[in-house]
Amino acid sequence: MKKGKFNWGLALCITLCLAVGAVFRFNSLVLARVYPVYQAFRGYRILQSVPHYEEEQVGNFSIRHNSIDTDKLRDLVDIIYGYGNEVLDLFDYVPDGDIDVILFEDDKEFHQSLGIPKDQPTLGAYSGGKIAILERSEDGSVGNMLTNSFVHELTHLVVDDLAGGNFPVWFTEGSALYMEYMLLDYEWGRELGTADIYSIEELTEDFYRLDEYRAYRQAFIEVSAIIERVGWDGYLNLLQELGEGRDFFHNS
């Protein structure tokens, strides 16, 4: 009787499911240790979806692209040279290897590769340790948000890696928006002021079910308040402690 081949993909999926179950069952320390494994697997799947893309090295960054729009590629290269190391230096972050930046020309391929629902339009995304940038918006226009998208998603990558994913969604979104404000003088929802819109409990438990514009504004306000209270060095210390397994809501 012929033996069947061992299905490594299925075995890995089962292992990841068990690991995720352990995260919810135990504590933040488990999350900080298991999360990088999940991210590595997710990143591998994303790269597998674009095997035909070319690569271009830009310092610590590796741009993967399939673009006929050379101007847009050059724009991204200039942005990386202008802001890539600036973000890394602010976080005192040294990547283990190249940071993959995937430039998508087709919005359908962008959504499918990242697993983003088509009804959630966006120009940038971070997943699995990879930064994904869409060349143009859904209506075909390019706009002037490519720099913001890169700075935003790179901040997600750095915060995610330093803290091991050990934080609520609003914290990483607020951090990314704060970096846009810090480097680009772009303040999300400025016209909404600084009054509380949602409680911390609402942001933590229902972030994706809240009004997106207002939820992101509140996330920016909360992270700004943390940095104002503890200073930038205190914020970096918080990221380090989260990466070591500290409970986010314990004396934060």
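Just above, that's the structure.
These figures come from a predicted structure and were not determined experimentally.

Trainee: Where do I start with the packing of aromatic side chains in this structure?
Mentor: Ring pairs (aromatic) are described by centroid distance and by the angle formed between their planes. One pass over the structure, following the stated rule, counts 20 aromatic pairs. Aromatic rings pair up to connect Phe-91, Phe-167, Trp-170, Phe-171, Tyr-178, Tyr-181, Phe-220, Trp-232, Tyr-235, Phe-248 and Phe-249 into one cluster.

Trainee: What exactly am I supposed to notice about the layout of surface pockets here?
Mentor: A probe matching the size of a water molecule, rolled over the atoms, marks out where space remains unfilled. Here the second largest pocket defines a volume of roughly 420 Å³. Residue lining of the second largest pocket: 19 residues in total, with Tyr-93, Gly-128, Gly-129, Leu-157 and Asp-161 positioned closest to the centre. Broken down by secondary-structure element, the contributors of at least two residues to the lining of the second largest pocket are α2 (28–48), β3 (99–104) and α5 (146–163). Tallied by class, the residues present in the lining of the second largest pocket amount to 8 nonpolar, 5 polar and 6 charged.

Trainee: Sorry, what's going on with the nonpolar core here?
Mentor: A general tendency of soluble globular proteins is for nonpolar side chains to be buried together. Residues Phe-91, Phe-150, Leu-154, Trp-170, Phe-171 and Tyr-235 are the most contacted members of the largest nonpolar core, which totals 52 residues. Of all the secondary-structure elements, those providing two or more residues to this core are β2 (61–65), α3 (70–90), β3, β5 (130–134), α5, α6 (169–184) and α8 (212–243). For this core, the leading source of residues is α8, giving 13 residues. Formed by 12 residues, the second largest nonpolar core is a distinct cluster that contains Leu-47, Ile-102, Leu-114 and Ile-116.

Trainee: I'm lost on the sheet that holds β2 in this one. Help?
Mentor: The strands making up a sheet associate through hydrogen bonds between their backbones, and the pairing can be parallel or antiparallel. Strand order in this open sheet of 5 strands is β1-β2-β3-β5-β4, and the pairing throughout is mixed. Strands at the two margins of the open sheet, each flanked by one partner only, are β1 (54–58) and β4 (124–127). Going from strand to strand, the sheet's axes swing by 25° on average, the running direction of each strand aside. The pairing of β3 with β5 spans 4 bridges and is parallel. By the bridge assignment, Phe-104 is partnered in β5 with Leu-134. Contacting β1, β2 and β3, α3 runs over the sheet at an angle of about 150° to β2.

Trainee: Honestly, the environment of Val-37 in this entry has me stumped. Any pointers?
Mentor: Inspection of the secondary structure assignment puts Val-37 in helix α2. Accessibility expressed as a relative area gives 48% for Val-37, which makes it partly exposed. In the structure, Val-37 is positioned 91 residues away from Gly-128 in sequence and 9.5 Å away in space, judged by C-alpha atoms.

Trainee: What is the right way to look at the pattern of salt bridges in this model?
Mentor: Close approach of charged atoms allows side chains with opposite charge to pair. With the rule as written, the count across this model stands at 9 salt bridges. Note that Arg-64 and Asp-100 form a salt bridge whose closest N and O atoms lie 3.2 Å from each other. Here the residue Arg-64 occupies a position in strand β2, and Asp-100 occupies one in strand β3, the gap between them amounting to 36 residues. Neither Arg-64 nor Asp-100 differs from the other in exposure class; each is buried. Residue Glu-241 pairs with Arg-246 through a salt bridge whose shortest N-O separation is 2.3 Å. Three or more residues joined by partner-sharing salt bridges are found here, namely Glu-55, Arg-64, Asp-100 and Lys-130.

Reading the values: rules and limits
As a convention, each chain's residues are numbered from 1 in the sequence order in which they are written. pLDDT decides what is reported in this predicted model: residues at 70 or higher carry local features, side-chain atom pairs at 80 or more are listed and counted, and totals for whole chains, interfaces and linings draw on all residues regardless. Just so you know, side-chain values use all the structure's heavy atoms and leave hydrogens and water out. In summary, the pairing rule links any two rings of Phe, Tyr or Trp, Trp by its six-membered ring, whose centres are within 6.5 Å, and it sorts them by plane angle into stacked for under 30 degrees, edge-to-face for over 60 and tilted for everything else. Whether a set of points on the 1 Å grid over the protein atoms alone is a cavity depends on a 1.4 Å probe fitting there but being unable to get out, while an open set qualifies as a pocket with protein on both sides within 12 Å along at least five of seven lines; lining residues are those with an atom within 4 Å of a point. Grid points are joined across faces, edges and corners, and a volume is the space filled by probe spheres set on the points. Each helix is a run of H or I in the DSSP string that is no shorter than four residues. Each strand is a run of E no shorter than two, and both are numbered from the N terminus. Nonpolar residues are Ala, Val, Leu, Ile, Met, Phe, Trp, Tyr, Cys and Pro. Charged residues are Asp, Glu, Lys and Arg, and all others, Gly as well, are polar. Residue types Ala, Val, Leu, Ile, Met, Phe, Trp, Tyr and Cys, when buried and joined through side-chain atoms within 4.5 Å, form a set referred to as a nonpolar core. Between buried and exposed lies partly exposed: a residue is buried under 20% and exposed over 50% of the maximum accessible area for its type, with that area taken using a 1.4 Å probe on protein chains only. Think of it this way: DSSP has to see at least two bridges between two strands before they count as a pair. Orientation is described by axes fitted as lines to C-alpha atoms, over the contacting stretch for helices, and by angles from 0 to 180 degrees between their N-to-C directions. The contact definition used throughout considers only heavy atoms, calling two residues in contact when any of these lie within 4.5 Å. In what follows, salt bridge is the name for a side-chain nitrogen of Lys or Arg lying within 4 Å of a carboxyl oxygen of Asp or Glu.

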